[in-house]
Protein chains: 2
Amino acid sequence: MRTGLSREDIIKIAAEMADEKSAAGVTFKALAVRLGIKSPSLYKHFSGGLDELNREIMLYGWRLMDGEITQAVIGKEKDDAFIDLCYAYRKFVSRHQGLYEAMQWYNMYDSEEHLRASEGAVGVICRALSSYGLTEEQKVHTVRMIRAFLQGFSTIEVNIGKDHPVTLDDSFDFALKTMLGGIADIQR
Amino acid sequence: MRTGLSREDIIKIAAEMADEKSAAGVTFKALAVRLGIKSPSLYKHFSGGLDELNREIMLYGWRLMDGEITQAVIGKEKDDAFIDLCYAYRKFVSRHQGLYEAMQWYNMYDSEEHLRASEGAVGVICRALSSYGLTEEQKVHTVRMIRAFLQGFSTIEVNIGKDHPVTLDDSFDFALKTMLGGIADIQR
DNA sequence: TACAATAGCTAATGTGATTAGCTTTTTCGG
DNA sequence: CCGAAAAAGCTAATCACATTAGCTATTGTA
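Bear in mind the structure is a predicted one, so any value in this text is a computation, not a measurement. (Residues numbered from 1 in each chain as written. Chains lettered and ligands numbered in written order. Predicted model: local features only at pLDDT ≥ 70, side-chain atom pairs only at ≥ 80, totals over all residues. Heavy atoms only, no water.)

**Student:** What is the right way to look at the protein's contact with DNA strand C in this model?
**Tutor:** Surrounding DNA strand C, one finds 18 residues, the nearest of these being A:Arg2, B:Arg2, B:Lys38, B:Ser41 and B:His45. Backbone atoms, meaning sugar and phosphate, form 60% of the atoms of DNA strand C found within 4 Å of the protein. At a separation of 2.9 Å, a phosphate oxygen of DNA strand C approaches a polar backbone atom of A:Leu50. For DNA strand C, a phosphate oxygen lies 2.7 Å from a polar atom in the backbone of B:Lys38. Sorting the residues of the surface near DNA strand C by element identifies helix H2 (28-35) and helix H3 (49-73) of chain A as the ones contributing at least two each. (Near = heavy atom within 4 Å. Polar contact = N/O pair within 3.5 Å; in protein donor to acceptor, adjacent residues only side chain to side chain. Helix = DSSP H or I, 4+ residues; strand = E, 2+ residues; numbered from the N terminus.)

**Student:** In this structure, what is going on with the nonpolar core? I would like to understand it.
**Tutor:** When a protein is soluble and globular, its nonpolar side chains tend to lie buried together. Counting residues in each nonpolar core, the largest one holds 122 residues, and the members touching the most others are A:Phe149 and B:Phe149. Leave out the neighbours within four places in its chain, and B:Phe149 touches A:Met145, A:Ala148, A:Phe149, B:Phe172, B:Ala175, B:Leu176 and B:Met179. (Core = buried A, V, L, I, M, F, W, Y, C linked by side-chain atoms within 4.5 Å. Buried < 20%, exposed > 50% of the residue type's maximum accessible area, 1.4 Å probe, protein only. Contact = heavy atoms within 4.5 Å.)

**Student:** Help me understand the packing of aromatic side chains, please; the structure alone is not making it clear to me.
**Tutor:** The geometry of an aromatic ring pair is captured by the separation of the ring centres together with the interplanar angle, meaning the angle of the planes. Residues and elements named next belong to chain A. Applying the stated criterion across every chain yields a total of 12 aromatic pairs over all chains. On the numbers, 5.4 Å between centres and 40 degrees between planes, the contact of Phe-149 with Phe-153 is tilted. Highlighted residues: Phe-149 and Phe-153, both in helix H7 (residues 136-159), separated by 4 residues, approximately one helical turn. Taken as a pair, Phe-149 and Phe-153 share a single burial class, namely buried. Ring pairs connect the aromatic residues Tyr-87, Phe-149, Phe-153 and Phe-172, which therefore count as one cluster. The ring of Phe-172 is capped by Arg-90, whose NZ or CZ atom sits 4.7 Å from the centre of that ring. (Phe/Tyr/Trp six-rings, centres within 6.5 Å; stacked < 30°, edge-to-face > 60°. Lys NZ or Arg CZ within 6 Å of the ring centre and 35° of its normal.)

**Student:** Would you take a moment to explain the relation of the copies chain A and chain B for this structure?
**Tutor:** Look at the two chain copies: a rotation about an axis and a shift along it is all it takes to match them. Between chain A and chain B, which share one sequence, the superposing operator has a rotation angle of 180 degrees and an axial displacement of 0.0 Å; the RMSD is 0.1 Å. The relationship between the two copies is best expressed as a two-fold rotation axis. Here 100% of the contact residues of chain A are again contact residues in chain B; the copies associate through an equivalent surface. (Least-squares fit on C-alpha atoms with pLDDT ≥ 70 in both.)

**Student:** Please clarify how the protein's contact with DNA strand D should be interpreted in this entry.
**Tutor:** In the neighbourhood of DNA strand D, 18 residues make up the surrounding shell, with A:Arg2, A:Lys38, A:Ser41, A:His45 and B:Arg2 lying closest. A distance of 3.1 Å separates a base oxygen of DNA strand D from a polar atom in the side chain of A:Lys44. Counting residues per element, the ones that place at least two in the surface near DNA strand D are helix H2 (28-35) and helix H3 (49-73) of chain B. Among the residues forming the surface near DNA strand D, the class breakdown is 7 nonpolar, 6 polar and 5 charged. (Nonpolar A, V, L, I, M, F, W, Y, C, P; charged D, E, K, R; others polar.)

**Student:** Even after reading the chapter, I still don't get the interface of chain A and chain B, so can you show me in this structure?
**Tutor:** Reports often express the size of an interface as the amount of accessible area lost when the parts come together. With 37 residues of chain A at the interface, the matching set in chain B holds 37 residues. Across the chain A to chain B interface the summed buried area is about 3100 Å²; carbon plus sulfur atoms make up 69%. It is A:His141, A:Arg144 and A:Phe174 that lose the most area in chain A upon contact with chain B, and together they represent 21% of the buried surface on that side. The tally of links between chain A and chain B comes to 0 salt bridges. Applying the counting criterion to the chain A and chain B interface returns 10 residue pairs in polar contact (both at pLDDT 80 or more). Among the secondary structure elements, those contributing two or more residues to the side of chain A that touches chain B are H7 and helix H8 (168-186) of chain A. (Buried area = accessible area lost by both parts, 1.4 Å probe. Salt bridge = Lys/Arg side-chain N within 4 Å of Asp/Glu carboxyl O.)

**Student:** Any chance you could explain the pattern of salt bridges here in plain terms?
**Tutor:** All names here are of chain A. For the structure on display, the rule yields 19 salt bridges over all chains. In this structure, the salt-bridge partner of Arg-7 is Glu-52, at a minimum N-O distance of 3.0 Å. Here Arg-7, found in helix H1 (residues 7-20), pairs with Glu-52, found in helix H3; they are 45 residues apart in sequence, far enough to count as distant. Glu-52 sits in the buried class, given a relative accessible area of 18%. Here the salt bridges share partners, and the residues they tie into one network are Arg-7, Glu-52 and Glu-56.

**Student:** What am I meant to see in H3(B) here?
**Tutor:** Since the α-helix advances by 3.6 residues per turn, residues separated by three or four positions end up pointing in the same direction. With 25 residues, H3(B) should reach 36 Å at 1.5 Å per residue; the first-to-last C-alpha distance of 37 Å fits that figure. B:Gly75 sits one or two residues past H3(B) and shows a positive phi near 75 degrees. (Expected span 1.5 Å × (residues − 1).)

**Student:** Mind showing me how you'd approach the environment of A:Met65 here?
**Tutor:** All names here are of chain A. Here Met-65 is to be found in helix H3. On the basis of relative accessibility, which here comes to 1%, the residue Met-65 falls in the buried class. As a C-alpha pair, Met-65 and Lys-162 span 97 residues in sequence and 24 Å in three-dimensional space. If sequence neighbours within four positions are ignored, Met-65 has contacts with Tyr-89, Phe-92, Val-93, Tyr-100 and Met-103.

**Student:** I'm lost on the packing of helix H4 (residues 78-95) of chain B against helix H8 (residues 168-186) of chain B in this one. Help?
**Tutor:** A pair of packed helices can be characterised by two numbers: the angle between their axes and the separation between those axes. All names here are of chain B. With their axes 11 Å apart at the nearest point, H4 and H8 run at an angle of 145 degrees to one another. Classified by chirality, the crossing of H8 by H4 is right-handed. Within the contact between the two elements, H4 uses Asp-79, Phe-82, Ile-83, Cys-86, Tyr-87 and Arg-90 and H8 uses Leu-168, Asp-169, Phe-172, Asp-173, Leu-176 and Leu-180. Taken together, the residues of the contact of H4 with H8 break down into 8 nonpolar, no polar and 4 charged. (Axes fitted to C-alpha atoms, helices over the stretch in contact; angles between N-to-C directions. Left-handed = near helix turned anticlockwise from the far one by under 90°.)

**Student:** Looking at this structure, how should I read the side chain of B:Arg144?
**Tutor:** Mapped onto the elements, B:Arg144 comes out in helix H7 (residues 136-159). The buried category is assigned to B:Arg144, whose relative accessible area is 14%. Within the structure, the side chain of B:Arg144 is placed 2.8 Å from the backbone oxygen of A:Val166, a separation counted as a polar contact. Those residues in contact with B:Arg144 that sit more than four places away from it in its chain are A:His164, A:Val166, A:Thr167, A:Leu168 and A:Ser171.

Here it is in structure tokens:
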């Protein structure tokens, strides 16, 4: 019996599985059960095996996040755009912990595709920064700083207990304001 | 034949293997070959299996890094301490990419031990910040900001090509100065 | 020196990925 | 509408590791 599911459908379901369990929980065996087929059949969709599926999940995640953070900054600029962008990133991670884990695997694959998939997100950050009067080089630096911070904060947040008296929310706010302050300094 | 290697020796060798290949490249099979024994024998040292070894590698890495960055800031204060600390972190990661990967697995384990292992590093950051006149809460925020940035930057750096005209060195400098500027602003 | 603990070994099992080769559906050009 | 041919499944078999069970040799010490 055919399932009628496209390659994209399967990737989406695999991404959901990652969020439900963890990125490592997405096995061909488990995915096959979920789809009601046998695991060898998955090679008809992903001839490159689990590796190919993982790459696709990773790319899917970046595209999804790109879309969400792009939405978040529409019609905004300066600090508003910047802050809302960062919040959207953080919110995405909190709702997609397993997928985000898989997204970090861009390490293991060719940077090429990942670059294309995440350049949207980078572009959004760039545009949010366009009104700050930075040079091109400063803009590159700033994008990297933000990316590094967001990525690191998200990784830490996913794993740290929420019982510390100083909340992560406040720390996130503090860091954004501090970095914005630093960026403002540059112009002086 | 006995190898005469202690548990700590084996963890150290496993950490070297991680750096030579990758964190995932540390399998019981490969490690056993490296040690000249059979893989089931490793259960005599790590009754908890591969999982226990991975946890130990993770802890070993944090202790090692703690020592190095502590060394790096001895006798320094303010911006000097701060900047040298960050450089030491980054240098550690560049020399221990595989181990650093394994260190990120603190996610998967009890935070307890990792907290103890990395609290040294956090303490160093705290002390480096002590001369900035921040409130306790601001200090917590700042430590988190720095940790997030360092962790994110390191992850990005490990995987990004070095062919971009704007170097990562410059971006790292830029980010540190920007954050320092932002921190200085707080006092105003 | 005897003996308990230690550290090794072989054989066997289990899980998941992957491959090979066969079968059933679809799809589509004629 | 018919018959390839492609697509999407399936079963059986193999492989790589991790892990377990049970046996043996070494060692350090009472």
